[in-house]
Amino acid sequence: MDASAWQKRFEREKKARIQAEKIAEEKTREIFYRNQELQALAQSLEMQVKERTAQLEANNQRLLESRNTLRSQQKALQEINQRLQDKAAELEKVSQHKSQFLANVSHELRTPLNSLMILASILADNQEGNLSDEQVHSVQIIFNSANELLEIIEDILDMSKAEAGELNIYQEDVLLGDIWRSMSDQFMPISKEKGVDFEIVCAPNLPQWIHSDRKRLKQVLKNLLANAFKFTPEGGTVKLLIHTEAWHLGEEYSSEGLVFQVVDNGVGIASDKHETVFQMFRQADGSTSRKYAGTGLGLSISRKLARLLGGDLTLVSEEGRGATFSLLLPPLTLVTTVESQSTESEFILVSGDDNTEPFDGQQVLLVDDDLRNSFALSHLLQGHGLRVHLAESGQQALDFLEDHKQIDLLILDLMMPDMDGCEVLKLIRSRVEFRLMPVLMLTASTSRDDEIRCRAAGADDFLHKPVEIQVLMDHIRNWIAG
């Protein structure tokens, strides 16, 4: 190969090498820049990772703090719940103690009131005529004051029950005559003392028996009559009307229901006060200088009771023109109807006098640990011709019956020390010779459970203290022929 060819080859290779170096330099430069970019990206990613890691660590710290806070809150809530449970248990115990206290107070007050009202009623009758008019008037005031005290006690007890949602109704078959005779027995002395005429007017063909709560029905009527006498001046008139009328349900009328109306011609109630008087602690005149005293509980509780009985309590009145309170009871109240009574008038006027024949020495064993009640009841029963034997405890009663098996009626107090009335009654009923002897339980307890317990033990009859004289004598006559 000549020199010219070698020169050309050399030039080509030189140019190719230069081109390759240039390309390599460009690639190197590109790689360098790419490395720079990758390093920058790596640094950026590292920074992002660090930031994200720091953020995650912060979040974790916040979550940990939140978890600790939640645990603290949960622990606090558990402590609060425990305190609430402890408080609820404490309040339940307090409520039980309160109920027991009120029951005990009721019993302790009713027991002396029973003897007080019976003796005052006997003295007020003045059958022997040895008391002056002024003395009779004083005794009537004593009776009326005791009756008012009893009403206040019942209102306070029922207010407590209403607040606790324990105001209950116990339906049973009730002799309607017991209801109006009880009202006559309690309010005739008040009528004489205040100089206000009192009449109980019964429609003919009334049911002999009704299905209702005896105690609550009497309580409503007592509240209504007490208010009527309170707001009726001397020379006025108070009436208790008992009749039936069609039961109004919406726009439809169904079968007849029973209506008790208390009508007076006293001071009346303004129309804008008609709903106020049915509110707890409220009266038509609520000022401290009001003329007529009272707790403001009676009508509120009476309406609650009327509605619990399935009926209602309504008012029609104008200021200065008297008032009419109507207790409406539904058709299911009626049980049986007496045979038609021949009368020329629309209503039968009930007298407050006791015209029944006295007993003829029938024997009654009265068992009561309270000597005041024993004295009052024995005096009352002896005045009606009964021969009364007294026992101060259940054991004395059992010992007496061992020697005197011809007892016509046993009147037995429930709450006695050592052995209560139910225990005594169970022992008596375990003896064959005493299984048919009539037993009337007489107690100051207002518990329905006590009545159920007594009847389960073998009681034939059950009455609450203070007992109305006429009602007591009617119940005795149910078991002893006069």
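Structure: above.
In this report, we go over the structure that sits alongside the text.

Rules and cut-offs
Residues numbered from 1 in each chain as written. Predicted model: local features only at pLDDT ≥ 70, side-chain atom pairs only at ≥ 80, totals over all residues. Heavy atoms only, no water. Helix = DSSP H or I, 4+ residues; strand = E, 2+ residues; numbered from the N terminus. Contact = heavy atoms within 4.5 Å. Buried < 20%, exposed > 50% of the residue type's maximum accessible area, 1.4 Å probe, protein only. Pairing = 2+ DSSP bridges. Right-handed = clockwise from strand over helix to strand, strands pointing away. Polar contact = N/O pair within 3.5 Å; in protein donor to acceptor, adjacent residues only side chain to side chain. Core = buried A, V, L, I, M, F, W, Y, C linked by side-chain atoms within 4.5 Å. Salt bridge = Lys/Arg side-chain N within 4 Å of Asp/Glu carboxyl O.

**Description of the environment of Val388**
The topology assignment puts Val388 in strand 11 (residues 387–391). In sequence terms Val388 and Ser378 are ten residues apart; their C-alpha atoms lie 6.0 Å from each other. Not counting residues within four places of it along the chain, the set of residues in contact with Val388 comprises Val364, Leu366, Ser378, Leu381 and Gln382.

**Comments concerning the pairing of strand 13 (residues 439–443)**
Of all five residues in strand 13, five are buried; the element is thus mostly enclosed. Burial along strand 13 is two-sided: the face carrying Val439, Met441 and Thr443 and the face carrying Leu440 and Leu442 are both buried. Here strand 12 (residues 409–413) runs beside strand 13; their pairing, made up of four bridges, is parallel. Directly across from Leu412, in strand 13, lies its bridge partner Met441. The β-α-β motif built from strand 12, the intervening helix 8 (residues 421–429) and the parallel element strand 13 has right-handed crossover chirality. Sheet topology note: the strand 13/strand 14 (residues 461–464) ladder contains four bridges and is parallel. Note that in strand 14 the partner of Leu442 across the bridge is Leu463. Where the polypeptide runs from strand 13 across helix 9 (residues 448–457) and back to strand 14, its parallel neighbour, the crossover connection is right-handed.

**As for unusual backbone geometry**
Residue Lys465 is joined to Pro466 through a cis peptide bond whose omega torsion reads -10 degrees. Relative to the elements of secondary structure, Pro466 occurs in the loop between strand 14 and helix 10 (469–479). One non-glycine residue, Asn205, adopts positive backbone phi at about 60 degrees. Relative to the helices and strands, Asn205 resides in the loop between strand 2 (197–202) and strand 3 (207–212). Here the phi dihedral of Asp418 falls at roughly 70 degrees; this positive angle occurs in a residue that is not glycine. Among the structural elements, Asp418 can be located in the loop between strand 12 and helix 8.

**Considering the side chain of Asp368**
With respect to the helices and strands, the residue Asp368 is situated in the loop between strand 10 (363–367) and helix 6 (371–383). Engagement of the side chain of Asp368 in a polar contact is seen with the backbone nitrogen of Asp370, the distance being 2.8 Å. If near-sequence neighbours (up to four positions away) are discounted, Asp368 is found in contact with Asn373, Ser374, Ala391, Glu392, Asp413, Met416 and Lys465.

**Section: the nonpolar core**
Ranked by internal contacts, the top residues of the largest apolar core, which has 45 residues, are Phe198, Leu240, Ile242, Phe260, Phe325 and Leu327. If you list the elements that add at least two residues to this core, you get helix 3 (176–194), strand 2, helix 4 (214–230), strand 4 (237–249), strand 5 (252–264), helix 5 (298–308), strand 6 (312–317) and strand 7 (323–329). Among the elements that make up this core, the one with the highest residue count is helix 4 (eight residues). In contact with Phe198, other than residues within four places in its own chain, are Met183, Ser184, Phe187, Met188, Ser191, Leu225, Phe229, Val238 and Leu240. Within the second largest apolar cluster, 25 residues are counted, among which are Val424, Ile428, Phe434 and Ala457.

**Some words on the pattern of salt bridges**
For the structure on display, the rule yields 20 salt bridges. Ionic pairing is found between Asp460 and Arg429, a salt bridge with its closest N-O pair at 2.8 Å. With Asp460 in the loop between helix 9 and strand 14 and Arg429 in helix 8, the pair connects residues that are 31 residues apart, well separated along the chain. For Asp460, a relative accessible area of 28% gives the class partly exposed. Glu433 serves as the salt-bridge partner of Arg431, at 2.6 Å between the closest nitrogen and oxygen. The partly exposed category is assigned to Arg431, whose relative accessible area is 27%. A single salt-bridge network, built from bridges that share partners, covers Lys27, Glu30 and Arg34.

So yeah, pure geometry; function would need other evidence.
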